[in-house]
Amino acid sequence: MFTVINYLLLTGLAAVCMLPFLHVLSISLSSAQEVAAGRVGLYPAKFTWASYETVFGSAGYMKASLVSLERIALGVSLNMLLTVLLAYPLSKESGQFRMRTVYVWLFILPMLFSGGMIPTYMIVKETGLIDSIWALILPNAVPIFNVVLLLNFFRGIPREMEESAKIDGANHFTIMWRIYVPVSMAGLATVFLFAVVAHWNSWFDGMIYLNSPKDYPLQTYLHMSFTVKDFSEMTPEELEHYFKVDDRTGRAAQIFVAALPILLVYPFLQRHFMKGIVLGSVKE
Amino acid sequence: MDVIAPLRREWNRNGLLHVMVWPALFLVLLYHYGAMAGLLMAFERYVPTKGFFNSPWIGWDNYKYVIALPDTPRVIVNTLKISTMKIIFGLITPVVTALLLNEVRKMAFRRIFQTIVYFPHFLSWVIISGILMDILSPSDGMVNRLIAGLGGKPIFFLGDNNWFQFTLVASDVWKDFGFKTIVYLAALTSISPTLYEASEIDGANRWQQTLHITLPGIVPIIILLTTLSLGEVLNAGFDQILNLYSPAVYKTGDVIDTLVYRLGLQQFQYGVATAVGFFKSCVSLILIGISYFLAYRLANYRIF
């Protein structure tokens, strides 16, 4: 008896998680009149690709997607490079590499205390990154959480490999690139996925550091479409853009296309996320 | 004292390791520690043309101004209320779900369930707010249609001060309970089965087993996750709120970070906004310190 109730409860819970997506997906695939009439529930009514055609035909949306892709290409490359470059030296024991602890604390401290929104904005301004895509890349170029993850991964690699390479005359760079990196593909994949998702989902930096909607990455573009409430604060460009997107099927399609990449990498995310959690946090 | 020789020794031995660290260090020094220098603005009447170091120094005046603002008490109360509710419900929901899921024998069901509930965690709040704004719409949203079908009046979830905090907490729990469930479930499965077997021999029923074996088994991880989230109490979900709020719900939805955002980046009161942010960072640091100390004492957790 309990088992039956349990299964029902859990199924209900899973349904609550899934239904909103199914509903929005159905809206995006239905004709606008059916949606306005309230006839769309969990499956499309009068199936049509029209709203998706609009999305892919929208210059603003496609440009924003390209900006996001560009930001991922540049940002994730830099993230990965810095992550590996940091994880390797910091994975050494402090017996061997004495400054290690100092460096680690230098990197951990900003996680505990930061200048905050306004001072960070000022620094980005002072370094001339306003209105540049680099404002989305440089300030958070060092993903310290990922570094700690990879660092722990590196620590699991047997010392013998490093020592035998040293005997053969290898320096640290060689050891890192030829031995640690190839062996850590699983850890690198995890770190890579986290970096990609973080860049894809990031929207606030685009909003405050970029002034022209033409430069926005996708999530910022969507945020401005969905949530602007005070018209007096919008530029003429933004006003024009806002009124263009004011329909339910169009919005639904935009949501879905933006969520699609996450959906696609989701199986990989699932696999690596648990590993990441185990590696990166609880240690007895 | 000979300074050069030890430095040269260190360089010969570990020079490359240092060089590897420096690019990342440079960026962090510039954008994180450099930003800390900007905290000076909290005590200045900041003039953009003069910069951090030359703007007029006004001491505690920014703080006096903030304390006198009518927004301030409301904002602090909202932040604490929303955070506390999120912590409580963000704890109960995944724990209960994990306990229920633990009773499920079919592994396939467990895996499919986890896959489904885990997904919202990876979406941005922009996407989720887009979905919420559609289904919670008072005119034609799915939820209100259901309510109307059951005979009720439409609820303006995102625009009514009586409902906004509920909406914030509920949607936050919905987004993140999936991955927390997985963490708790992992803890549950690591409880030794022999404990259960021994208790069965002693005649314990399922309820007694849950009370005396299962719950004590996950108390450490619960304490761990809860105390670690203490450091975040003043954040209250800025990302989410900025996507979902509007002037209509400032009364219950405005939190410290949203006030800082509006004061600083929309009204250009840089000094005041920095002052508030600085205060928040300091309090958060103290809370993080306390929470790590507690986690260490209560659950034997060390960060390094």
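Residues numbered from 1 in each chain as written. Chains lettered and ligands numbered in written order. Predicted model: local features only at pLDDT ≥ 70, side-chain atom pairs only at ≥ 80, totals over all residues.

Of the regular secondary structure elements, chain B holds 13 helices and zero strands. The C-alpha radius of gyration of chain B comes to 25 Å, more than 25% above the 19 Å expected for a compact globule of 304 residues. Oriented by its inertia axes, the alpha-carbon framework of chain B measures out at about 75 × 65 × 30 Å. Long-range pairs, those at least 24 residues apart, make up 67% of the contacts in chain B with a sequence separation of at least 6. (Helix = DSSP H or I, 4+ residues; strand = E, 2+ residues; numbered from the N terminus. Rg over C-alpha atoms; globule rule 2.2 N^0.38 Å. Contact = placed C-beta atoms within 7 Å.)

Moving on: the domain arrangement of chain A. Residues and elements named next belong to chain A. On domain assignment, one finds that chain A holds domain 1 (1-48) and domain 2 (51-280). Spacing between the C-alpha centres of domain 1 and domain 2 amounts to 32 Å. Every contact between the two is made by seven residues of domain 1 and, on the other side, nine residues of domain 2. Contributing elements (two or more residues each) for the side of domain 1 that touches domain 2: helix H1 (2-28) and helix H2 (32-36). For the side of domain 1 that touches domain 2, the element with the most residues is H1, which contributes four residues. In terms of residue class, the side of domain 1 that touches domain 2 is built from five nonpolar, two polar and no charged. (Domains from an automatic or database assignment. Nonpolar A, V, L, I, M, F, W, Y, C, P; charged D, E, K, R; others polar.)

Our focus in this paragraph is the nonpolar core. Ranked by internal contacts, the top residues of the largest apolar core, which has 131 residues, are Leu 86, Ala 87 and Leu 150 of chain A. For this core, the leading source of residues is helix H4 (residues 59-90) of chain A, giving 13 residues. When near neighbours in sequence (up to four residues on either side) are disregarded, Leu 86 of chain A contacts Val 142 and Val 147 of chain A together with Val 21 and Ala 24 of chain B. (Core = buried A, V, L, I, M, F, W, Y, C linked by C-beta atoms within 7 Å. Buried ≥ 20, exposed ≤ 12 C-beta atoms within 10 Å, placed from the backbone.)

All names here are of chain B. Relative orientation of the contacting elements helix H3 (residues 71-102) and helix H7 (residues 164-189) amounts to 40°, with a least axis distance of 7 Å. By the angle between their directions, the pair H3 and H7 is classed as oblique. The element H3 and its partner H7 pack so that their crossing is right-handed. Tallied by class, residues from the contact of H3 with H7 come to 14 nonpolar, six polar and five charged. (Axes fitted to C-alpha atoms, helices over the stretch in contact; angles between N-to-C directions. Parallel < 35°, antiparallel > 145°, perpendicular 65-115°, else oblique. Left-handed = near helix turned anticlockwise from the far one by under 90°.)

What follows deals with unusual backbone geometry. One non-glycine residue with positive phi stands out, namely Asp 131 of chain A, at about 70°. The exposure class assigned to Asp 131 of chain A is exposed, which follows from the 12 C-beta atoms found within 10 Å. Here Ala 236 of chain B, not a glycine, exhibits a phi torsion of approximately 55°, which is positive. Given 25 C-beta atoms within a 10 Å radius, Ala 236 of chain B is considered buried.

Before going further, it helps to examine the environment of Thr 227 of chain A. Secondary-structure assignment places Thr 227 of chain A in helix H12 (residues 218-227). Considering only alpha carbons, one finds Thr 227 of chain A and Leu 19 of chain A, 208 residues apart in sequence, at a separation of 23 Å.

Now for the packing of H12 of chain A against helix H5 (residues 125-135) of chain B. One can describe the packing of H12 of chain A onto H5 of chain B by two numbers: an axis separation of 9 Å at closest approach and a directional angle of 25°. Put simply, H12 of chain A runs roughly parallel to H5 of chain B. Handedness of the H12 of chain A/H5 of chain B crossing: left-handed. Listed contacts from H5 of chain B to Gln 219, Leu 222, His 223, Phe 226 and Thr 227 of chain A of H12 of chain A are Val 126, Ser 129, Gly 130 and Met 133 of chain B. For the contact of H12 of chain A with H5 of chain B, the per-class residue count stands at four nonpolar, five polar and no charged.

Turning our attention to the domain arrangement of chain B. Interface size is commonly expressed as the accessible area that is lost once the parts come together. All names here are of chain B. For chain B, the assigned domains read domain 1 (1-59) and domain 2 (71-127 + 176-299). Put simply, the middle of domain 1 and the middle of domain 2, counted by C-alpha atoms, are 34 Å apart. Contact residues are listed per partner, giving seven residues for domain 1 and five residues for domain 2. Its residues assigned to classes, the side of domain 1 that touches domain 2 shows four nonpolar, one polar and two charged.

Moving on to the interface of chain B and chain A. Facing the 68 residues of chain B at the interface are 69 residues of chain A. Counted by class, the side of chain B that touches chain A contains 45 nonpolar, 17 polar and six charged residues.

The next point concerns the environment of Val 47 of chain B. Residues and elements named next belong to chain B. For Val 47, the position within the fold is in the loop between helix H1 (4-37) and helix H2 (61-68). For Val 47, a count of 12 C-beta atoms within 10 Å translates into the label exposed. Along the chain, Val 47 and Gly 231 lie 184 residues apart, while their C-alpha atoms are 33 Å from each other.

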